Amino acid sequence: MATKLYLVIPCYNEEAVLPETTRRLREKMRTLMEAGRISFDSRVCLVDDGSRDKTWPMIATLHREEPLFAGVKLSRNRGHQNALLAGLMTVKDRCDCTISMDADLQDDIEVIDRFLDAYEAGCDIVYGVRSSRETDTEFKRSTAQGYYKLMAMLGVEIVYNHADCRLMSRRALEALAEYKEVNLFLRGIVPLIGYKTATVEYARAERFAGESKYPLKKMLALAFEGITSFSIRPIRLLLAAGILMAGLAACFFLWAALGRLFGFFAPAWPPIVPSIFLVGGIQLAAIGLVGEYVGRTYLEVKHRPRYFVETFLDD
Ligand code: UDP
Ligand code: MG
């Protein structure tokens, strides 16, 4: 039996790209259906993440005109990760597998074939990995790559150069549903699921219309989320740094005291003033970082819902 596939596309203020995106996806889905690779009741599920432009009316119109398009409307903007999760969780019981992609089609839609190959070969999770970042700005490329390295150093298992373009089987989605965390970083959670996985490389294109919905601020927030929700190593590093600093200070003090006593070293004490600030600063930073984890724990403990689906359009 042909695979029942749901594409899940989070959309936030994407009226500029939607017509072209949906045109390309429609063509792709038709080709796959006619080739017998996916079933005729496969869908493209567009998730409106509380857009303020015409995104939702456009999705509703698409759904009315063609059953191929399904729509999920969130009650308000919850951010890319939550929107994606909302889409995946809403459709998981209706399909054999999902493929998530961005609305701007920066992820090459031709990878769908190779995703399906891997799925048919028995994989539950297939990661789309960018082979090149030529179309990204130099800044985005170097910060992104530095970030993957940092995450690896901190002991967080993430797939190098993989964003949220991936195939997940129904079984993998059921597993994902078990993760209840509020501070959501899907790239970190999915590798924890296990099962048989594969990676597929593709070239990442440029956003063809509209502008990035990930300004630097949101990017930094996601990056920080990734670190603090998966690794407590920063806290340990701070502890080690603190012990080292204190040890060095004690040695210095001893040396200065002995120097005075025996006359081989007479320290000029004023330089101690900057060191007070140095230590004070480090302490503040440490407390701040610990606070960050405590704050996150607070959010997790409250178990606030991550999203509300206002409308779900599917047959
Ligand atoms: N997005 C979303 N909610 C947000 C921000 C972004 O659903 O609050 C979606 C957006 O519509 C797009 C995807 O997340 O489908 C990736 O965003 P974008 O292409 O702007 O990010 P970039 O590729 O520049 O990192
Ligand atoms: Mg993009």
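To keep things clear, this report deals only with the structure shown in the data block. From a predicted model like this one, the values you see are computed outputs, not experimental measurements.

What follows concerns the side chain of R43. Relative to the assigned elements, R43 resides in strand 2 (residues 43-48). Classification of R43 as buried rests on a relative accessible area of 6%. Here the side chain of R43 touches D314 through a polar contact of 3.1 Å, side chain to side chain. Among residues more than four places away in sequence, those in contact with R43 are L5, Y6, L7, M29, P67, L68, A70, D314 and D315.

We now examine the coordination of the magnesium ion (ligand 2). Ideal values differ by geometry: the angle at a metal is 109.5 degrees with four tetrahedral donors, but 90 or 180 degrees with six octahedral donors. Donor atoms from the polypeptide that coordinate the magnesium ion (ligand 2) comprise D104 (OD) and Q106 (OE1), at 1.9 Å from the metal. Assigned by exposure class, D104 and Q106 land together as buried.

Next up on the list: a nonpolar patch on the surface. On the surface, a nonpolar cluster with roughly 810 Å² of combined accessible area is contributed by F252, L254, W255, L258, L261, F262 and F264. Considering the arrangement of structural elements, one finds L254 in helix 9 (residues 233-262). According to the relative accessible area criterion, L254 is exposed, its value standing at 54%.

Below, the discussion takes up the site of ligand 1. Taken together, 20 residues sit near ligand 1, with E14, D49, D104, S212 and K213 positioned nearest. In the environment of ligand 1, an oxygen atom lies 2.7 Å from a nitrogen or oxygen atom belonging to the backbone of P10. One of the side-chain nitrogen or oxygen atoms of Q106 is found 2.6 Å away from an oxygen atom of ligand 1. Mapped onto the shell around ligand 1, the elements with two or more residues apiece are strand 1 (5-11) and helix 3 (80-91).

About the thresholds
Residues numbered from 1 in each chain as written. Chains lettered and ligands numbered in written order. Predicted model: local features only at pLDDT ≥ 70, side-chain atom pairs only at ≥ 80, totals over all residues. Heavy atoms only, no water. Helix = DSSP H or I, 4+ residues; strand = E, 2+ residues; numbered from the N terminus. Buried < 20%, exposed > 50% of the residue type's maximum accessible area, 1.4 Å probe, protein only. Polar contact = N/O pair within 3.5 Å; in protein donor to acceptor, adjacent residues only side chain to side chain. Contact = heavy atoms within 4.5 Å. Donors = N, O, S within 2.8 Å, 3.2 Å for Na, K, Ca; no water. Patch = residues over 30% accessible without salt bridge, like charges linked within 9 Å, V, L, I, M, F, W, Y side chains within 5 Å. Areas by Shrake-Rupley, 256 points an atom, 1.4 Å probe, with all protein chains shown as cover. Salt bridge = Lys/Arg side-chain N within 4 Å of Asp/Glu carboxyl O. Near = heavy atom within 4 Å.

Take it as geometry only, folks, not as evidence of what the structure does.
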